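Geometric and topological summary
Spelled out, the chains give:
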Amino acid sequence: AQSVAQPEDQVNVAEGNPLTVKCTYSVSGNPYLFWYVQYPNRGLQFLLKYITGDNLVKGSYGFEAEFNKSQTSFHLKKPSALVSDSALYFCAVSGYSTLTFGKGTMLLVSP
Amino acid sequence: DAGVTQSPTHLIKTRGQQVTLRCSPISGHKSVSWYQQVLGQGPQFIFQYYEKEERGRGNFPDRFSARQFPNYSSELNVNALLLGDSALYLCASSLRDTYTDTQYFGPGTRLTVL
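Here goes a summary of the coordinates provided. (Residues numbered from 1 in each chain as written. Chains lettered and ligands numbered in written order. Predicted model: local features only at pLDDT ≥ 70, side-chain atom pairs only at ≥ 80, totals over all residues. Heavy atoms only, no water.)

1. What to know about the overall build of chain A
- Counting secondary structure elements, chain A contains zero helices and 12 strands.
- Relative to the compact-globule value of 13 Å for 111 residues, chain A shows a C-alpha radius of gyration of 13 Å, a close match.
- By its C-alpha atoms, chain A is 40 × 30 × 20 Å across when sized along the principal axes.
- Counting over 111 residues, chain A shows a buried share of 45%. (Helix = DSSP H or I, 4+ residues; strand = E, 2+ residues; numbered from the N terminus. Rg over C-alpha atoms; globule rule 2.2 N^0.38 Å. Buried < 20%, exposed > 50% of the residue type's maximum accessible area, 1.4 Å probe, protein only.)

Structure representation (structure tokens):
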């Protein structure tokens, strides 16, 4: 069975500082990994995905993610956080006909 | 282009009732998936349909059923509602049903069971 783990319930960062939201995964076979963001009372918005190729994936709104096969990790990063980045972030792994999500990490960016 | 749309936005039902939730995918998308998101948790997979056929089913009781129509829209039905069915129900669409296709989510239907 496939799974993802987001070890932090909440990440706090000051505006302008770099941010990292952690994700580790467990799959048999090739990992296909996704990041989504959810704002209050909204659905999930797609940020980026790793399928194959370059380990550094660039996505929407200045976000990027680093795939590390040896550490089975797919951490989400942004060089300079904005207050508007405050939201709930989900890592997910794709399997046949389904996405399996982590429990989510709340990102709070303070002014 | 319009994104994934869901209706209704909010719904309040009582235990034992039945509910139908509706989803229209992005134009050109042939796959629709349904997820349940309970407060404080990540979405849990319920069903996937592709070209009107069920391609996957999550660990949910038979009270949950779904279908996909010729225009690729979809309905999720839940019978004999329980308090624990209260959740945000998310619909997602994708071009196909492969591992690498991106699923795009709608705003969800908030179901409250009293």
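2. With respect to the overall build of chain B
- Across its full length, chain B holds zero helices and 11 strands.
- Helices and strands in chain B line up, N terminus first, as β-β-β-β-β-β-β-β-β-β-β.
- The C-alpha radius of gyration computed for chain B amounts to 13 Å, which stays within 12% of the reference 13 Å derived for 114 residues, consistent with globular compactness.
- Here the C-alpha coordinates of chain B stretch approximately 35 × 30 × 25 Å along the principal axes.
- The buried share of chain B, reckoned over its 114 residues, is 51%.
- The long-range share in chain B, meaning contacts at least 24 apart out of those at least 6 apart in sequence, stands at 53%.
- Averaging the positions of the 11 positive and the 9 negative side-chain charges in chain B gives two centres separated by 7 Å. (Contact = heavy atoms within 4.5 Å. Lys, Arg positive; Asp, Glu negative; His and termini not counted. Charge placed at Lys NZ, Arg CZ, Asp CG, Glu CD.)

3. Observations concerning the packing of aromatic side chains
- Under the defined criterion, the tally for this structure stands at 18 aromatic pairs over all chains.
- Here Y50 of chain A and F67 of chain A contribute two aromatic rings whose centre-to-centre distance is 4.0 Å and whose plane-to-plane angle is 15°, an arrangement assigned as stacked. Of this pair, Y50 of chain A sits in strand 6 (residues 44-50) while F67 of chain A sits in strand 8 (residues 64-68), and the two are 17 residues apart along the sequence. There is no split in this pair, since Y50 of chain A and F67 of chain A are both buried.
- Put simply, the rings of F34, Y36, F46, F90 and F101 of chain A together with Y35, F45, Y104 and F105 of chain B touch in pairs and so form one group of aromatic residues. (Phe/Tyr/Trp six-rings, centres within 6.5 Å; stacked < 30°, edge-to-face > 60°.)

4. Points about the pattern of salt bridges
- Going through the model one piece at a time under the given rule, you end up with 12 salt bridges over all chains.
- Residue E66 of chain A pairs with K77 of chain A through a salt bridge whose shortest N-O separation is 3.8 Å. Here the residue E66 of chain A occupies a position in strand 8, and K77 of chain A occupies one in strand 9 (residues 73-78), the gap between them amounting to 11 residues.
- With its nearest N and O atoms 3.8 Å apart, the salt bridge here joins E51 of chain B to K52 of chain B.
- One connected set of salt bridges, linked through shared partners, spans R22, R67 and E75 of chain B. (Salt bridge = Lys/Arg side-chain N within 4 Å of Asp/Glu carboxyl O.)

5. Brief notes about the state of the cysteines
All names here are of chain A.
- Applying the stated criterion to the full structure yields two disulfides over all chains.
- Bridging C23 to C91, the disulfide has an S-S length of 2.0 Å. Taking the sign of the S-S torsion, -60° for the link of C23 and C91, the bridge is left-handed. One end of the pair, C23, is in the loop between strand 3 (19-21) and strand 4 (24-26); the other, C91, is in strand 10 (residues 87-95), and 68 residues separate them in sequence.
- We classify C23 as buried; its relative accessible area is 0%. (Disulfide = S-S within 2.5 Å.)

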